[in-house]
Amino acid sequence: TALGDTHPDVATSLNNLAALYRDQGNYGEALPLLERALSIYETALGDTHPDVATSLNNLAELYASQREWDTAISLFQQASEIEEQNLVFTLTSASEVRRQLYINTLADSTSTNISINVNHTPTNPISTQLALTTLLRRKGRVLDATTDTMRRLRQQLNPDNQTLLDELITTRTQLTNLHVSGPGERTPESYQTELTTINNRAQELEERLSRISAEFQVESEPVTLDAVQAELPENAALVEFVRYWPANFNNPQSPWGEPHYAAYILTKTGEAKVVDLGEAQVIDPMVAAFSRSLSNGQSTNYKTLGRELDEQLMRPVREHLGNRTHLILSSDSQLNLIPFEALVDESNQYLVQS
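Residues numbered from 1 in each chain as written. Predicted model: local features only at pLDDT ≥ 70, side-chain atom pairs only at ≥ 80, totals over all residues. Heavy atoms only, no water.

Student: How should the nonpolar core be read in this particular structure?
Tutor: Looking at soluble globular proteins, one finds that nonpolar side chains tend to be buried together. Residues Leu56 and Ile116 are the most contacted members of the largest nonpolar core, which totals 39 residues. Within the residue set of this core, elements represented by two or more residues are helix H1 (8–23), helix H2 (27–45), helix H3 (50–65), helix H4 (69–93), helix H9 (159–181) and helix H10 (188–212). Each residue touching Ile116, except ones within four places of it in the same chain, is listed here: Ala64, Trp69, Ile73, Phe76, Thr121, Ser127 and Phe249. Counting 24 residues, the second largest nonpolar core, distinct from the first, contains Val239, Leu305, Leu313 and Phe340. (Core = buried A, V, L, I, M, F, W, Y, C linked by side-chain atoms within 4.5 Å. Buried < 20%, exposed > 50% of the residue type's maximum accessible area, 1.4 Å probe, protein only. Helix = DSSP H or I, 4+ residues; strand = E, 2+ residues; numbered from the N terminus. Contact = heavy atoms within 4.5 Å.)

This is the structure in structure tokens:
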């Protein structure tokens, strides 16, 4: 082509052609195109560019369409690590509009990682770890952005270290802008050189700040399940609720099913567990009815509604709790609107009692 065989636009065209083959069920034709597109993106844009993550996700979805789950999960893992790095950079350096735009681009991959786990590989520990890590990181990163963690951190540093933090934010902004703009008129070699130089400077600044600021070191630590487990009390379980969209890998006309709720259960030791709680269109009206009943001083059916909602949301969770009675609940979507302690278990007790 006039652009050259290694230009990112060529990779985009290859991805589009591969998507057409995949939609037709012609996976053998799609695979080499996606592999070539990935190679071009890595060569032209660097291993951590968002387009590389997108290309890895496309390749993973092809394997998922063929129910080759182990290969798909491995590729989704690689993509998620790249997305996490770019999310960190974007949330600490970009404008509020760009932050929101980038967060929105991750909705599909978040639901995909959860959907593969809940609907296809619920007993696969690697799949469960990927889905829950993705969920924890993205919930936490968005909270960091909305609470302006970097501004609070800056206030805790002395003037010299504040200057270092400001330079880091500026460097991350340069890196984010370079990712967004792409090579442009540069050769792939000069673009890669500029990427590497700026990235190395950002890593140097991060290391310096980590050595002199315990707060920065904590904020910079990547979220891992091991780290979360280490913080949990012995008798506790973290219950992460999530509203997700099931992925239909073999239906290009309708790639997403109706939204569901799921719950991840993590204890201090052992592997995380996941349960599907059912369709949101069933659960959300139950939540609304329970909330209305609690807020109505004349209502008498709140206990019945609390029992029904407990059966839907908490009974499947209790099956994985053993004898643990200290629950740390992280809600999502409409589940943020109810007091879980007012739900009623099989023994007709409010959950706050047990």
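Student: Please explain the packing of aromatic side chains as it appears in this structure.
Tutor: The tally for this structure, following the rule as stated, stands at 2 aromatic pairs. Measuring from ring centre to ring centre gives 5.1 Å for Phe241 and Phe340, while their planes differ by 25 degrees; the resulting arrangement is stacked. Of the two residues, Phe241 is situated in strand E1 (residues 236–244) and Phe340 in the segment after strand E4 (326–330); the sequence distance between them amounts to 99 residues. Residue Phe340 is classed as buried on the basis of its relative accessible area of 6%. (Phe/Tyr/Trp six-rings, centres within 6.5 Å; stacked < 30°, edge-to-face > 60°.)

Student: Help me understand the packing of helix H13 (residues 280–295) against helix H14 (residues 302–313), please; the structure alone is not making it clear to me.
Tutor: For any two helices packed against each other, one specifies the crossing angle of their axes together with the interaxial distance. Contact geometry of H13 with H14 gives a least axis separation of 9 Å together with a crossing angle of 150 degrees. Here H13 is positioned roughly antiparallel relative to H14, judged by the angle of their axes. Crossing hand, H13 versus H14: left-handed. Residue-level contacts link Val282, Ile283, Met286, Val287, Ala289, Phe290, Ser293 and Leu294 of H13 to Tyr302, Leu305, Gly306, Glu308, Leu309, Gln312 and Leu313 of H14. Its residues assigned to classes, the contact of H13 with H14 shows 11 nonpolar, 3 polar and 1 charged. (Axes fitted to C-alpha atoms, helices over the stretch in contact; angles between N-to-C directions. Parallel < 35°, antiparallel > 145°, perpendicular 65-115°, else oblique. Left-handed = near helix turned anticlockwise from the far one by under 90°. Nonpolar A, V, L, I, M, F, W, Y, C, P; charged D, E, K, R; others polar.)

Student: Is there a simple way to explain the sheet that holds E1 in this structure?
Tutor: Backbone hydrogen bonds hold the strands of a sheet together, and the pairing may be parallel or antiparallel. Strand order in the open sheet formed by 4 strands is E3-E2-E1-E4, and the pairing between neighbours is mixed. Edge positions in the sheet fall to strand E3 (273–279) and E4, since each has one partner strand and no second. Between one strand axis and the next, the sheet turns by 20 degrees as a mean value, whatever way the strands run. Relative to E3, strand E2 (residues 260–267) runs antiparallel, the two sharing 6 bridges. By the bridge assignment for E3, His260 is matched with Glu279. (Pairing = 2+ DSSP bridges.)

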